[in-house]
Amino acid sequence: MRPHEIDAGARRAVFSPVDTRARVDAVVRRIGDAIELGLLADGEQLPGESELAGRLGVSTVTLREALMALRQQGLVTTRRGRGGGSFVSLPEVPADDRLRSRLRGWSTEELRDLGDHWAALSGAAARLAAQRTEPADLQPLRRTAGELAQAADAAARSRLYGRFHVELAAAAQSARLTREQVALQSEVGALLCLVLADDAYREEVAERHRSVVCAVQDGAHETAGTLAERCVRESTARLVAVRLAL
């Protein structure tokens, strides 16, 4: 996917100032989350160091430390010389055993609590989007839902699932909701590989996402919110079921 095809509001949230605490970690998480969600495209060149540091509200020293950490994680590559710079590197498919090990670190209570928070965010975003956005602004959501319906592997499906909810927040014209969604996906996003490998469930989620878009387009804010919440709660319940089976 080309950068101009990704929701502009979601991309603006990626490059907005980070929290003042632990800024290196904040930059690493912000950019890393955006890469794993597909908000920054594979091979895309990041802005120059001075420009990127200014947009994130950090010093160039802090930015360089963050870029070094991102390189170590395999999310960014750096090229020297003419035409060089920092470029996005899409991560490999997460190993199933590593994901299950990560899931073991969550208790069922923590997963349910996370699901409640996620449902609240997505429900609020859908309701606001139905009240604020214009039909023409829903194209990123439609495209992401369509790509999810066609995605062949679980990693791509999980990125598209997360991207949809980020773009939904962007459609609500709320920078704070959008940043919250990006941050939340860093906690749960990759874990969705464990439930989205099921083709039937992938199709079910894609249909639910399309229903959310239709409700937003119709201005049916309560319906849109309820559908978005239901989608998230079902996914959380499936993750809880996987956790219980470990």
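Data block above holds the structure.
Residues numbered from 1 in each chain as written. Predicted model: local features only at pLDDT ≥ 70, side-chain atom pairs only at ≥ 80, totals over all residues. Heavy atoms only, no water.

In this fold, R202 is placed in helix α11 (residues 199–217). R202 sits in the buried class, given a relative accessible area of 8%. (Helix = DSSP H or I, 4+ residues; strand = E, 2+ residues; numbered from the N terminus. Buried < 20%, exposed > 50% of the residue type's maximum accessible area, 1.4 Å probe, protein only.)

Attention now moves to unusual backbone geometry. Here the phi dihedral of Q173 falls at roughly 60°; this positive angle occurs in a residue that is not glycine. The class for Q173 is exposed, based on a relative accessible area of 53%.

Contact pair helix α8 (residues 154–171) / α11: the axes reach a minimum separation of 12 Å and the direction vectors enclose 15°. The pairing of α8 with α11 is recorded here as roughly parallel in orientation. As α8 runs across α11, the sense of the crossing is left-handed. Listed contacts from α11 to R157, Y161, F164, H165 and L168 of α8 are D199, R202, V205, H209, V212, V213 and V216. Here the residues of the contact of α8 with α11 are counted per class, giving seven nonpolar, two polar and three charged. (Axes fitted to C-alpha atoms, helices over the stretch in contact; angles between N-to-C directions. Parallel < 35°, antiparallel > 145°, perpendicular 65-115°, else oblique. Left-handed = near helix turned anticlockwise from the far one by under 90°. Contact = heavy atoms within 4.5 Å. Nonpolar A, V, L, I, M, F, W, Y, C, P; charged D, E, K, R; others polar.)

Here strand β1 (residues 76–79) runs beside strand β2 (residues 85–88); their pairing, made up of four bridges, is antiparallel. Bridge pairing in β2 places T77 opposite F87. Count of turn residues in the β1/β2 antiparallel hairpin: five residues, of which G81 carries a positive phi of about 85°. (Pairing = 2+ DSSP bridges.)

Looking now at the pattern of salt bridges. One pass over the structure, following the stated rule, counts 11 salt bridges. Between E49 and R64 there is a salt bridge, and its shortest N-O distance comes to 2.7 Å. You can see E49 sitting in helix α3 (residues 49–56) and its partner R64 sitting in helix α4 (residues 60–72), a full 15 residues away along the chain. What makes E49 partly exposed here is its relative accessible area of 32%. Between R157 and D199 there is a salt bridge, with the nearest N and O atoms lying 2.7 Å from each other. Taken together, the positions of R157 in helix α8 and D199 in helix α11 put the pair 42 residues apart, joining distant regions of the chain. In this structure R157 comes out as buried when scored by relative accessible area, which is 3%. (Salt bridge = Lys/Arg side-chain N within 4 Å of Asp/Glu carboxyl O.)

The next thing to look at is the environment of A136. By secondary structure assignment, the location of A136 is in the loop between α6 (108–132) and α7 (139–150). In this structure A136 comes out as exposed when scored by relative accessible area, which is 68%. Taking the C-alpha atoms as reference points, A136 and Q217, separated by 81 residues in sequence, lie 9.1 Å from one another.

Looking now at the state of the cysteines. Covalent bonding between the sulfur atoms of two cysteines defines a disulfide. Throughout the structure, instances matching the rule amount to zero disulfides. Just so you know, C193 is unpaired, no disulfide at all, and the nearest cysteine sulfur is the one on C231, 16 Å from it. A relative accessible area of 7% places C193 in the buried class. There is no disulfide at C231, and the cysteine sulfur nearest it, in C214, is 14 Å away. (Disulfide = S-S within 2.5 Å.)

For the rest of this paragraph, the subject is the packing of aromatic side chains. The relation between two aromatic rings is expressed through the spacing of the ring centres and the mutual angle of the planes. Following the criterion strictly, the structure yields one aromatic pair and no others. Sitting over the face of the ring of Y201, R238 holds its NZ or CZ atom 3.8 Å from the ring centroid. (Phe/Tyr/Trp six-rings, centres within 6.5 Å; stacked < 30°, edge-to-face > 60°. Lys NZ or Arg CZ within 6 Å of the ring centre and 35° of its normal.)

So, about α8. Taking 1.5 Å of rise per residue, the 18 residues of α8 would be expected to cover 26 Å, and the 25 Å separating its terminal C-alpha atoms lies within 8% of that figure. Burial of α8 is extensive: 18 of the 18 residues sit out of reach of the surface. The N-capping residue of α8, defined by a side-chain oxygen 3.2 Å from the backbone nitrogen of A155, is D153. Downstream of α8 by a residue or two, Q173 has a phi angle that is positive, lying close to 60°. (Expected span 1.5 Å × (residues − 1). Polar contact = N/O pair within 3.5 Å; in protein donor to acceptor, adjacent residues only side chain to side chain.)

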